[in-house]
Amino acid sequence: MRVRGLPVLVLLVAIVVVVPGRPAAAGVAGDYPEFPYAPTAYDEPHRGRFHFSPPGGWMNDVNAPLYADGVYHLFFQHNPHGLQWDTMHWGHATSPDLVHWTQRPIALEPGVHPGNLFSGGGVVDTANTSGLRTGDRAPIVVFTGTDGVSVAYSNDGGETFQPYDHGRKVITMPAESRDPKVFWHEPTRRWVMVVWSGAGGNAAHLYTSPDLLTWTFRSRYAADWLFECPDLFPLRADGNGATKWILNDASGEYVVGSFDGATFRADSPAPKRMDEGDTRFDGSYYAGLTFSNLPGGRTVQMAWMPGNHGSVWTGSATFPAELGLRTYPDGLRVTRTPVAELDSLRAPATQWAGRTLTGDPAADPLRDVAADAYELSAEFEAGTATASRFGFRLGVRPDGAATREVAYDRAAGTLDGAVLPAEDGRIRVRLLVDRGQVETFGNDGRVSVTRTAAFDDFGVRTFTEGGSVRLVSLRFTPLRPAWGAGEPTLRTDVTGPWRADGGEWTDTADGKRGEAAGDGFYLGAATGTDFTYDADVRLDTATAAGITFRGRYTLNVDAAAGVMKLWRPGRDIATAAAPVARGRFHHLRVVAQGNRFRAYLDHNGTALIDATDDAYASGAFGLNVFHGAAVLQNARIGAAPWGQDVGGTWTPAGGTWTTPSGALAGRRTGDGFYLSDRTGRDFTYEARLRVVAGRAAGLTFRATPDASGHYTANIDTDGYVKLWRPGRDIAVHPVAVVPGRTYRLRVVAAGPQLEVALDGSVVIRATDDAYAEGRFGVNVFDGSCLIEDVTVR
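Being a predicted model, the structure only gives us computed values, none of them experimental. (Residues numbered from 1 in each chain as written. Predicted model: local features only at pLDDT ≥ 70, side-chain atom pairs only at ≥ 80, totals over all residues. Heavy atoms only, no water.)

Peer 1: Help me get a handle on the overall build of the protein, residues and values and all.
Peer 2: From N to C terminus, the protein includes one helix and 57 strands. Referenced to the eigenvectors of the C-alpha coordinate spread, the extents of the protein come out at roughly 95 × 65 × 45 Å. When each of the 793 residues of the protein is scored for burial, the buried share is 60%. Residue pairs at least 24 apart in sequence account for 62% of intrachain contacts in the protein once pairs closer than 6 positions are excluded. Split by element, the accessible area of the protein, about 27900 Å² in all, is 49% carbon and sulfur. Here the protein contributes 77 positively and 89 negatively charged side chains, and the mean placements of these two sets differ by 2 Å. (Helix = DSSP H or I, 4+ residues; strand = E, 2+ residues; numbered from the N terminus. Buried < 20%, exposed > 50% of the residue type's maximum accessible area, 1.4 Å probe, protein only. Contact = heavy atoms within 4.5 Å. Areas by Shrake-Rupley, 256 points an atom, 1.4 Å probe, with all protein chains shown as cover. Lys, Arg positive; Asp, Glu negative; His and termini not counted. Charge placed at Lys NZ, Arg CZ, Asp CG, Glu CD.)

Peer 1: Talk me through the sheet that holds strand E10 (residues 177-185); I want residue IDs and the actual numbers.
Peer 2: Spatially, E10-E11-E12-E13 is the arrangement adopted by the four strands of the open sheet, whose pairing is antiparallel. Each edge of the open sheet is held by one strand with a lone partner, namely E10 and strand E13 (216-222). With direction set aside, neighbouring strand axes in the sheet form an average angle of 20°. Bridge count for E10 against strand E11 (residues 190-197) is seven bridges, and the pairing is antiparallel. Bridging from a neighbouring strand, His185 pairs with Arg190 of E11. (Pairing = 2+ DSSP bridges. Axes fitted to C-alpha atoms, helices over the stretch in contact; angles between N-to-C directions.)

Peer 1: Tell me about the sheet that holds strand E30 (residues 426-433), and please be specific about residues and values.
Peer 2: Pairing between sheet strands relies on hydrogen bonds along the backbone, with the strands arranged either parallel or antiparallel. Strand order in the open sheet made by the six strands is E24-E34-E25-E30-E31-E32, with antiparallel pairing throughout. The sheet terminates laterally at strand E24 (350-357) and strand E32 (447-452), the two strands that pair on one side only. Across the sheet, the mean angle separating the axes of adjacent strands is 15° when strand polarity is ignored. By the bridge criterion, eight bridges tie strand E25 (residues 374-381) to E30 in an arrangement that is antiparallel. Pairing of Tyr374 across the sheet is with Val433, part of E30.

Peer 1: I'd like to hear about the pattern of salt bridges, residue by residue, with values.
Peer 2: Applying the stated criterion to the full structure yields 58 salt bridges. With its nearest N and O atoms 3.9 Å apart, the salt bridge here joins Asp330 to Arg446. Of this pair, Asp330 sits in the loop between strand E22 (321-328) and strand E23 (331-338) while Arg446 is found in the loop between strand E31 (437-442) and E32, placing the two residues 116 residues apart along the sequence. What makes Asp330 partly exposed here is its relative accessible area of 40%. The salt bridge involving Asp530 is made with Arg550; its shortest N-O contact spans 3.3 Å. With a gap of 20 residues between them, Asp530 in the loop between strand E37 (511-528) and strand E38 (531-539) and Arg550 in the loop between strand E39 (544-549) and strand E40 (553-558) connect regions that are remote in the sequence. For Arg550, a relative accessible area of 3% puts it in the buried group. The network of salt bridges with common partners includes Asp31, Asp510, Arg538, Asp540 and Arg667. (Salt bridge = Lys/Arg side-chain N within 4 Å of Asp/Glu carboxyl O.)

Peer 1: Describe in detail unusual backbone geometry, supporting the description with residues and values.
Peer 2: Of the consecutive residues Tyr32 and Pro33, the connecting peptide bond is found in the cis state with omega at -5°. Mapped onto the fold, Pro33 is located in the loop between helix H1 (6-16) and strand E1 (57-68). Pro497 follows Gly496 through a cis peptide bond whose omega is 5°. Residue position: Pro497 is located in the loop between strand E34 (469-478) and strand E35 (499-501).

Right under this line is the structure:
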């Protein structure tokens, strides 16, 4: 969506929060994906304990909620650099269960991905209808843009995204249009897109596609009420009845109807409301979307809560709600109820039954209750009540005043302002109360009322006015915090939760940062006896840092002593001289077999340390920092080594080089090189290269130790293969190079004769005699890349 009325909203926010000084800005491919967040414990006043909010910055619309490879993904409109709407990014969070969310690096970033990156949906292309798949995972495909639709896709589970066809719009629409949502329509075996259009009045435009990339206009559903962020999805009436289709807009207004794969027809043009809270872009519920590709046939929705904000963030998300469709006297209505996974947060409950509430504080079952995150479930006998109003007061202060009241008004027949007829004379109320949010559900989801609140006091009370009401049942359940279960930036297969044992450990774009005066450890939950354990380690100010295993052994690199060291408390087991440098990543690898330990550094296949010790047979995996700060990344058990047979010890000459999942990852603004100390004159040298974001990646050969002299053959997403050296572009061959695709590049060097082949076809033959011999290496330019299967013969 595009935020209308924004100056008013910004003014309201600016009154209550301090805006960070850093302006919103576009990024560069050499820093993608960024993780621009200051550390937080998610305990700021008014920050929800179980409602998702970003660590910092502005959040608005929910984008592309989906399920892929056992993980729930939540994307959202985001300005990570300020508390106001500006320079939209796509934020990204993941969860194993819809409840415990972990912030991830930025998914779509201006300056890296073309277009304005406004709201949209996403799908998992499990059948690879798009042809965008490059590995063994189904691509995640997302849709964004205004006045037309652009596509981006990920083949690494959402860690990085590439723009399709340089951001070219696959649909062009007249202004003003936005907010594409896409889903698979099984009866017609094709994809469907619904997009909001304001041209000629509010409407949803419907398109279809066989492949997510070529689209055909099918129909237009026009309605004055239908504004922004449309969603279209099926629900079965009363659980197992006829399938009906729901079309809703950003405010949660919806109509029920039929859809044949091309045209939506409403049963009645009069819309109903999915939520009865403050359903505005400056309210408490807006721009909800349903998840794609969910297992089990559920329909689950999350929405933006604009009114929740605090010292370092603006905006949060509703708790995920399962949607249903039930028949009532006034027709079919959408129901909303919290997902069952809420149970994972529940602490032991307190229950009461068969009470009569009269308004006497001494008889209030909640008179001693105070909490900041909880669930209340109650059933009242409204039919026999004499009270005109009854319900709950939340955030009760010592003087008895309350921050928020949730009341049933018998005369009006409303719950918190929403019409709710009694069922068999009873009213059932369910509240999810957080430090900044209140979600009310009446009569099993017939009514949903989402509001924000700023709780500074936490008393909870029942109340009645003008008489009494019979309380059939009441259950109060504290809810545990949902934060801290995942690792935002540390790529690891060591099971968690991780815990700090000394030092301070925070998340950065490059990995886990540890800082300690002495030794600090960060330990996972997994343990091992015999294994291979790897990690990338960068010493910033630290004297040493490394990997910990079997709970007590540590293999580190020490910049002060210039060594790799294997040690345990009370004994330095072995040391070996090593070219350790601060400010770059070193790759550490240990192989533990019984009492024997072999240690390797920077992809050299010869062990620097081969030693024995039998003090500890098993224990936890972890990370270590000593006397200063260091960053650690890619902590993996049993990982395949980077696939290369060049050998030697590898050293960077510009850029950041790490080793995720058996590949070498490089990124740099400008040219970055990673060089082996092995040299060659005549050879065949090849590798598989992928530009993840930005411009180019390549093979470097006959290089000097600092890469001031070299030959490099690279693939460039500007559309060519190039052979070059400093001061001269030797040869260029035009060819399409697609970000995210893997290419095999081969160089054959025989004296001054140089040949370059792309995917088996020779594309360059040239002569140059500037360098006769030198080091082998790889290159990245103005972006990020993955390099694997490097061979020389």
